[in-house]
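Analysis of the macromolecular model
So you can see what is in the structure, the chains are spelled out below.
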Amino acid sequence: MWQSLVNYFTVDMLGLSGRLNDTINFFIYDTVKILFLLIVIIFVVSYLRTHFNTEYVRAHLQGKSELYGNILAAFFGIITPFCSCSAIPLFLGFIQARIPLGVTFSFLISSPMNNEVAIALLFTLFGWKITAIYIGFGLLVAIIGGFVIGKMNLEKYILLDVKPMEGELEDVGEVKMSQKQRAKEAWHYTYDIFKQIWLYVLVGVGIGALIHGYVPADFIAKYAGGDNWYGVPLAVILGIPMYSNAAGVMPLVEVLTEKGMLLGTALSFMMAITALSLPEAMILKKILHVRLIGIFFGIVGFGIICIGYLFNFILQ
Amino acid sequence: MKIEILGTGCAKCKTLEEVVKQAVAKVGGFHQVEKVEDIMKIMEYNVVSTPGLVIDGVVKSTGKVPTVDEVVKMIEEAQK
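The structure displayed is predicted, hence computed values, not measured ones.

Okay, the overall build of chain A next. The secondary structure content of chain A amounts to 14 helices and 0 strands. Sequence-ordered secondary structure for chain A, helices as α and strands as β, is α-α-α-α-α-α-α-α-α-α-α-α-α-α. Within chain A, the fraction of its 316 residues that count as buried is 52%. Sequence separation of 24 or more characterises 86% of the internal contacts of chain A that already satisfy a separation of 6 or more. Of the accessible surface of chain A, which amounts to about 14800 Å², a share of 69% is contributed by carbon and sulfur atoms.

Structure representation (structure tokens):
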């Protein structure tokens, strides 16, 4: 219905046709669709999140067996907020509670990768099936990545000497808040995120609309399509420094896949953008040896590349 | 009353500092506001998500920036 309304506006009212109509029609249609669904989905995720905080997660992970801990940590990563400036206190706090290094990394990988903006945009642009597969694969990378890091005995690369806590953490339990308070906080959070990303979305959709209207499909298919073996690793390398632009890149990904870029390649790109962030690595450098950060990036990067190929293979 | 802001220096921590200053001005009276950037000290409060807000040694909020009114409420409750 929304599409026919936009069609009526651009074709009947403005009298546009051809490529110009394609471009402007796409821009209006996608901007409104994306912004609307972003607000709805971020609000829902933020509301769910008011039930958990990182302290709760830590108390819950304490004393769990290793692989079970990896799995639990990866799932917690979906629902708990994570800001990269919390990376250090989170890391040290987890070690202090004697949570294994691998389990800590499972959380650290899962949390930014399954963030609400990535989930909201994926759902908006590709539907629930792709979103579910993305989350599933994201969890897999977090669980296996953390497990492998845990098995490598890398504790010596932690630069600060953290004294383990005496005794057990008291279980902080669920956060106590009224429904109204939760809704208020979720709305506050949604507004906050919206303020940060709306411009990226507009720019992203704008560039996407231009590509949609004016760039021929075979051009993209030739460079990012199925025949190029290097598409996936290249997408991952390009994604690492782009962390802050996740919101703007997603609309581009939509157009690129529509024009022939393989979905696995696109998903690898997105995972790299959200899970491997350069700013986070710089922050972690204060407490972790570069070698440990390198291993972390290496393992996660490798996992993301595997998933990209796997996804491309499944869909072919 | 001693109000501490726990944070390693990110944007959200600075926002919280501003919010606390406004709240203190609203409440009135003399309160000691201190920014805690030392990670080991933050750990002592068992806080793993910054920014954190501590009033008289009690952790009041973690991982988010409360509004000015919310902070005012926290201060008033602690005064009782």
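Along the backbone of chain B there are 3 helices and 4 strands. Each helix and strand of chain B, placed in order from N terminus to C terminus, yields the pattern β-α-β-α-β-β-α. Radius of gyration (C-alpha) of chain B: 11 Å, near the 12 Å computed for a compact globule of 80 residues. For chain B, buried positions account for 44% of its 80 residues. Across chain B, every contact between residues at least 6 apart in sequence was considered, and the portion connecting residues at least 24 apart equals 66%.

This part covers the sheet that holds strand β1 (residues 2–6) of chain B. All names here are of chain B. Pairing within the open sheet is mixed, and its 4 strands lie in the order β2-β1-β3-β4. Of all strands in the sheet, those bounded by a partner on one side alone are β2 (32–36) and β4 (58–62). Sheet twist, expressed as the average angle between the axes of neighbouring strands with direction ignored, equals 20°. The pairing of β1 with strand β3 (residues 52–55) spans 4 bridges and is classified as antiparallel. Each bridged residue has a counterpart across the sheet, and for Leu-6 the counterpart in β3 is Gly-52. In this fold helix α1 (residues 11–27) packs onto β1, β2 and β3, with an angle of close to 160° to the strand it touches most, β1.

What follows is about the pairing of β4(B). Within a regular beta strand, the side chains point alternately toward one face of the sheet and then the other, so they alternate between its two faces. Residues and elements named next belong to chain B. Pairing of β3 with β4 involves 4 bridges; the strand directions are antiparallel. Each bridged residue has a counterpart across the sheet, and for Val-54 the counterpart in β4 is Val-59. Counted between consecutive antiparallel strands, the loop separating β3 from β4 contains 2 residues, among which Asp-56 sits at a positive phi close to 50°.

For the rest of this paragraph, the subject is the pattern of salt bridges. All names here are of chain A. Overall, the coordinates contain 7 salt bridges over all chains when judged by the stated rule. In this structure, Asp-30 engages Lys-33 in a salt bridge whose closest nitrogen and oxygen atoms are separated by 3.8 Å. Here Asp-30 pairs with Lys-33, and both are found in helix α2 (residues 18–49), just 3 residues apart, close to one helical turn.

All names here are of chain A. In this structure the tally under the stated criterion is 7 aromatic pairs over all chains. Between Tyr-56 and Phe-76 the ring centres are 6.3 Å apart and the planes differ by 85°, which places this aromatic pair in the edge-to-face class. On the criterion of sequence distance, the pair formed by Tyr-56 in helix α3 (residues 54–61) and Phe-76 in helix α4 (residues 66–79) is long-range, its members being 20 residues apart. Since its relative accessible area comes to 13%, Tyr-56 is described here as buried.

Here we take up the interface of chain B and chain A. Contacts between chain B and chain A engage 15 residues on the former and 21 residues on the latter. A combined buried area of about 1600 Å² lies between chain B and chain A, and 58% of that area is made up of carbon and sulfur atoms. Its largest share of buried area at the contact with chain A, chain B owes to B:Met43, B:Asn46 and B:Val48, together 37% of the area lost on that side. Inspection of the chain B/chain A interface yields 1 salt bridge. The closest approach of N and O atoms between A:Glu185 and B:Lys64, which form a salt bridge, is 3.0 Å. The tally of links from chain B across to chain A stands at 6 residue pairs in polar contact (both at pLDDT 80 or more). Of the residues forming the side of chain B that touches chain A, the biggest block, 3 residues, is contributed by helix α2 (residues 39–44) of chain B. Residue classes in the side of chain B that touches chain A are distributed as 7 nonpolar, 6 polar and 2 charged.

To continue, consider a nonpolar patch on the surface. All names here are of chain A. A surface patch of nonpolar side chains, amounting to about 550 Å² of accessible area, comprises Trp-229, Tyr-230, Leu-234, Leu-238 and Tyr-309. As for its placement among the helices and strands, Leu-234 is situated in helix α10 (residues 231–239). Taking relative accessible area as the criterion, Leu-234 reaches 43% and is therefore assigned partly exposed.

A:Leu38, A:Leu61, A:Phe91, A:Phe105, A:Tyr134 and A:Leu288 are the most contacted members of the largest nonpolar core, which totals 91 residues. The element contributing the most residues to this core is helix α7 (residues 116–151) of chain A, with 16 residues.

This part covers the UniProt feature "active site" (unreviewed entry) in chain B. Residue and element names in this part refer to chain B. Under the UniProt annotation, the feature "active site" (unreviewed entry) is placed at Cys-10 and Cys-13. Topologically, Cys-10 is positioned in the loop between β1 and α1. Since its relative accessible area comes to 11%, Cys-10 is described here as buried. Cys-13 sits in the buried class, given a relative accessible area of 0%. Beyond its immediate chain neighbours, meaning those up to four positions away, Cys-13 contacts Ile-5, Gly-7, Thr-8, Lys-35 and Pro-51.

Thresholds applied
Going along each chain's sequence as written, the residues are numbered from 1 onward. Chain labels run from A onward and ligand labels from 1 onward, assigned in the order the entries are written. Totals for whole chains, interfaces and linings use all residues, but because this is a predicted model, local features are given only for residues with pLDDT of at least 70 and pairs of side-chain atoms are given and counted only at 80 or more. Heavy atoms throughout the structure, all of them, feed into the side-chain values; hydrogens and water do not. Starting at the N terminus, helices and strands are each numbered in turn, a helix being any DSSP run of H or I of at least four residues and a strand any DSSP run of E of at least two. Relative accessible area decides the class of each residue, using a 1.4 Å probe on protein chains only: under 20% of the type maximum gives buried, over 50% gives exposed, and in between gives partly exposed. By definition, residues are in contact when any of their heavy atoms lie within 4.5 Å. For the accessible areas, the method is Shrake-Rupley and the probe is 1.4 Å, while residue cover comes only from the protein chains on display. Radius of gyration: C-alpha atoms only; globule rule: 2.2 Å multiplied by the number of residues to the exponent 0.38. When DSSP finds two or more bridges between two strands, those strands count as paired. What counts as an axis is a line fitted to C-alpha atoms, over the stretch in contact for a helix, and the angles between N-to-C directions run from 0 to 180 degrees. Counted as salt bridges are all cases of a side-chain nitrogen of Lys or Arg within 4 Å of a carboxyl oxygen of Asp or Glu. Two aromatic rings, drawn from Phe, Tyr or Trp (for Trp, its six-membered ring), form a pair once their centres lie within 6.5 Å of each other, and the interplanar angle then sorts them: stacked below 30 degrees, edge-to-face above 60, tilted otherwise. Using a 1.4 Å probe, buried area is obtained as the accessible area two parts lose upon being combined, added over both of them. Here a polar contact is recorded for every N or O atom pair within 3.5 Å, except that within protein the pair must consist of a potential hydrogen donor and a potential acceptor, and residues adjacent in sequence are included only if both atoms are side-chain atoms. When residues are grouped by polarity, Ala, Val, Leu, Ile, Met, Phe, Trp, Tyr, Cys and Pro land in nonpolar, Asp, Glu, Lys and Arg in charged, and all others, Gly among them, in polar. Only residues above 30% relative accessible area that lack a salt bridge enter a patch, with like-charged residues linked at up to 9 Å and the nonpolar side chains Val, Leu, Ile, Met, Phe, Trp and Tyr linked at up to 5 Å. The set of buried Ala, Val, Leu, Ile, Met, Phe, Trp, Tyr and Cys residues whose side-chain atoms join them within 4.5 Å is what this entry labels a nonpolar core. UniProt positions are given in the numbering used here, feature names are shortened, and annotations may be inferred rather than shown by experiment.

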